[in-house]
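# Close look at the chain arrangement
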Amino acid sequence: LAKTTQPISMDSYEGQEVNITCSHNNIATNDYITWYQQFPSQGPRFIIQGYKTKVTNEVASLFIPADRKSSTLSLPRVSLSDTAVYYCLVGDMHNQGGKLIFGQGTELSVKP
Amino acid sequence: DGGITQSPKYLFRKEGQNVTLSCEQNLNHDAMYWYRQDPGQGLRLIYYSQIVNDFQKGDIAEGYSVSREKKESFPLTVTSAQKNPTAFYLCASSGRGSSYNEQFFGPGTRLTVL
């Protein structure tokens with residue numbers, strides 16, 4: 001399983017764009033990149049997933065360069081409610097019941 | 001509404017006792033998972049099941065046991081052999097129709113050993 005590395009913590013202010021970068025040098029050909037968000041005392045929630053280039057949904061954008069060794073989660077115009085831990089994972093989305101490794105994540109703190 | 005439920009939300013146990021945490025899903029998902037989370041840490045995989053009547057150990061299975069007799073249910077037993085069971089326990093499921101990387105999590109059970 002590919003290991004991921006991301007910053008332990010980040011600070012931002014309301015209204016700013018936040019970019020969280022994740023490194024996954026050993027990503028396999030069949031692996032997809034997935035990001036989750038977790039609030040205190042709750043289970044993580046799926047945010048976005050991609051394989052290459054750019055993916056956008058109503059919550060975030062995910063940028064993946066051609067070599068796929070890293071990815072960047074972009075949160076536009078964050079608010080206080082975006083304060084949470086964000087996890088980057090890689091895995092084969094077609095692998096039934098395959099293991100996903102949740103690292104320590106990035107703790108994002110949004111200030112007024 | 002489809003979803004995944006865990007009960008109880010809070011659980012207190014005396015040392016030396018076994019305790020079972022419930023996890024039920026009505027999402028028709030094949031795969032189910034149990035994670036443990038300690039304060040300030042990420043999630044660690046305890047057990048996972050790809051299909052009924054089959055399950056595999058995760059990274060920290062010692063002191064835990066599971067069963068998967070029904071597709072909808074994946075209970076976790078924390079045995080007295082688990083040396084430090086106080087933690088937040090999360091159950092998840094994933095399956096066809098969504099990516100297997102998209103796991104749906106329950107609200108969690110916070111276990112405290114007295």
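A few points on the structure. (Residues numbered from 1 in each chain as written. Chains lettered and ligands numbered in written order. Predicted model: local features only at pLDDT ≥ 70, side-chain atom pairs only at ≥ 80, totals over all residues. Heavy atoms only, no water.)

## Comments concerning the overall build of chain A
Here is the rule we go by: Secondary structure counts use DSSP, requiring at least four H or I residues in a row for a helix and at least two E residues in a row for a strand, with both numbered from the N terminus. Radius of gyration here uses only the C-alpha atoms, and the compact-globule reference equals 2.2 Å multiplied by the residue count raised to the power 0.38. For this analysis, residues touch if any pair of their heavy atoms sits within 4.5 Å. The method behind every accessible area is Shrake-Rupley, applied with a 1.4 Å probe, and residues are considered shielded solely by the protein chains displayed.
For chain A, the helix and strand inventory stands at 0 helices and 9 strands. Going from the N terminus to the C terminus, chain A shows its helices and strands as β-β-β-β-β-β-β-β-β. In summary, chain A has a C-alpha radius of gyration of 13 Å against a globular reference of 13 Å for 112 residues, a match within 12%. Once the C-alpha set of chain A is aligned to its principal axes, its extents read approximately 40 × 30 × 25 Å. Restricting the contact set of chain A to residue pairs at least 6 apart, pairs at least 24 apart contribute 57%. By element, 49% of the accessible surface of chain A is carried by carbon and sulfur atoms, the whole surface being about 5600 Å².

## Quick notes on the pattern of salt bridges
Short version of the rule: Note on definitions: salt bridges are taken to be side-chain nitrogens of Lys or Arg within 4 Å of carboxyl oxygens of Asp or Glu. Between buried and exposed lies partly exposed: a residue is buried under 20% and exposed over 50% of the maximum accessible area for its type, with that area taken using a 1.4 Å probe on protein chains only.
Inspection of the entire model under this criterion finds 4 salt bridges over all chains. In this structure, the salt-bridge partner of Lys111(A) is Asp11(A), at a minimum N-O distance of 3.8 Å. Of this pair, Lys111(A) sits in strand 9 (residues 106-111) while Asp11(A) sits in strand 1 (residues 9-13); the two residues are 100 residues apart in sequence, bridging distant segments of the chain. Classification of Lys111(A) as partly exposed rests on a relative accessible area of 34%. Within the structure, one salt-bridge network assembled from shared partners comprises Arg36(B), Asp38(B) and Arg44(B).

## Thoughts on unusual backbone geometry
Omega for the bond connecting Ser7(B) with Pro8(B) falls within 30 degrees of zero, at -10 degrees, which places this linkage in the cis form. With respect to the element layout, Pro8(B) can be found in the loop between strand 1 (4-7) and strand 2 (10-13). Its identity as a non-glycine residue notwithstanding, Thr53(A) has a phi of 55 degrees, on the positive side. By secondary structure assignment, the location of Thr53(A) is in strand 5 (residues 53-56). In this structure, Arg68(A) is a non-glycine residue whose phi angle is positive, near 60 degrees. Take Arg68(A): it is sitting in the loop between strand 6 (61-64) and strand 7 (70-75). Looking at Arg68(A), the relative accessible area reads 8%, which means it is buried.

## Quick word on the interface of chain A and chain B
Where interface size is given, it is often the accessible area lost as the parts come together that is meant. The condition that has to hold: Definition of a polar contact: a pair of N or O atoms within 3.5 Å, with one able to donate and the other able to accept a hydrogen when the atoms are protein atoms, and with sequence-neighbouring residues admitted only if both atoms are side-chain atoms. Gly is put with the polar residues, along with every residue not named as nonpolar or charged; the nonpolar set is Ala, Val, Leu, Ile, Met, Phe, Trp, Tyr, Cys and Pro, and the charged set is Asp, Glu, Lys and Arg.
Counting from both sides, the interface comprises 25 residues of chain A and, opposite them, 25 residues of chain B. At the junction of chain A with chain B, the criterion picks out 0 salt bridges. Inspection of the chain A/chain B interface yields 5 residue pairs in polar contact (both at pLDDT 80 or more). Residue assignment for the side of chain A that touches chain B shows that the elements contributing at least two residues are strand 3 (32-38), strand 4 (45-50) and strand 8 (84-91) of chain A. Looking at the side of chain A that touches chain B element by element, the count peaks at 4 residues for strand 3 of chain A. Its residues assigned to classes, the side of chain A that touches chain B shows 9 nonpolar, 14 polar and 2 charged.

## Here's the deal with the sheet that holds strand 8 of chain A
Through backbone hydrogen bonds, the strands of a sheet pair up, either in parallel or in antiparallel fashion. All names here are of chain A. As a reminder of what qualifies: The rule for pairing is simple: two strands pair if DSSP sees at least two bridges between them. In this description, a line fitted to the C-alpha atoms serves as the axis of each element, helices being fitted only across the stretch in contact, and the angle between N-to-C directions of two axes falls anywhere from 0 to 180 degrees.
With respect to topology, 5 strands assemble into an open sheet ordered 1-9-8-3-4, the strand pairing being mixed. Edge strands, defined here as strands with exactly one partner in the open sheet, are strand 1 and strand 4. Across this sheet, the average inter-strand angle for adjacent strands is 25 degrees, counted without regard to direction.

## Focus: the state of the cysteines
Residue and element names in this part refer to chain A. Here is the rule: Cysteine sulfur atoms are paired as a disulfide whenever they fall within 2.5 Å.
Scanning the model with the defined rule gives 2 disulfides over all chains in all. Here Cys-22 is linked by a disulfide to Cys-88, with a sulfur-sulfur distance of 2.2 Å. An S-S torsion of about -80 degrees defines the bridge between Cys-22 and Cys-88 as left-handed. A residue pair is termed long-range when its members are at least 10 positions apart, and Cys-22 in strand 2 (residues 18-23) and Cys-88 in strand 8 qualify at 66 residues.

## Some points on the packing of aromatic side chains
Definition in use: In this analysis, rings of Phe, Tyr and Trp, with Trp reduced to its six-membered ring, are considered paired at centre separations within 6.5 Å, and the interplanar angle assigns stacked below 30 degrees, edge-to-face beyond 60, and tilted for intermediate values. Counted as over-ring charges are cases with an Arg CZ or a Lys NZ within 6 Å of the ring centre that also lie within 35 degrees of the ring normal.
The full count for this structure, using the stated rule, is 12 aromatic pairs over all chains. Both rings, one in Tyr32(A) and one in Tyr51(A), keep their centres 5.1 Å apart while their planes meet at 55 degrees; by these two values the pair is tilted. Here the residue Tyr32(A) occupies a position in strand 3, and Tyr51(A) occupies one in the loop between strand 4 and strand 5, the gap between them amounting to 19 residues. With relative accessibility at 26%, the residue Tyr51(A) sits in the partly exposed group. Joined through ring pairs, the aromatic side chains of Tyr36(A), Phe46(A), Tyr87(A), Phe102(A), Tyr33(B), Tyr35(B), Tyr48(B) and Phe105(B) make up one cluster. Sitting over the ring of Tyr51(A), Arg68(A) keeps its end group 3.9 Å from the ring centre. Its end group placed over the ring of Phe88(B), Arg110(B) keeps NZ or CZ at 4.5 Å from the ring centre.

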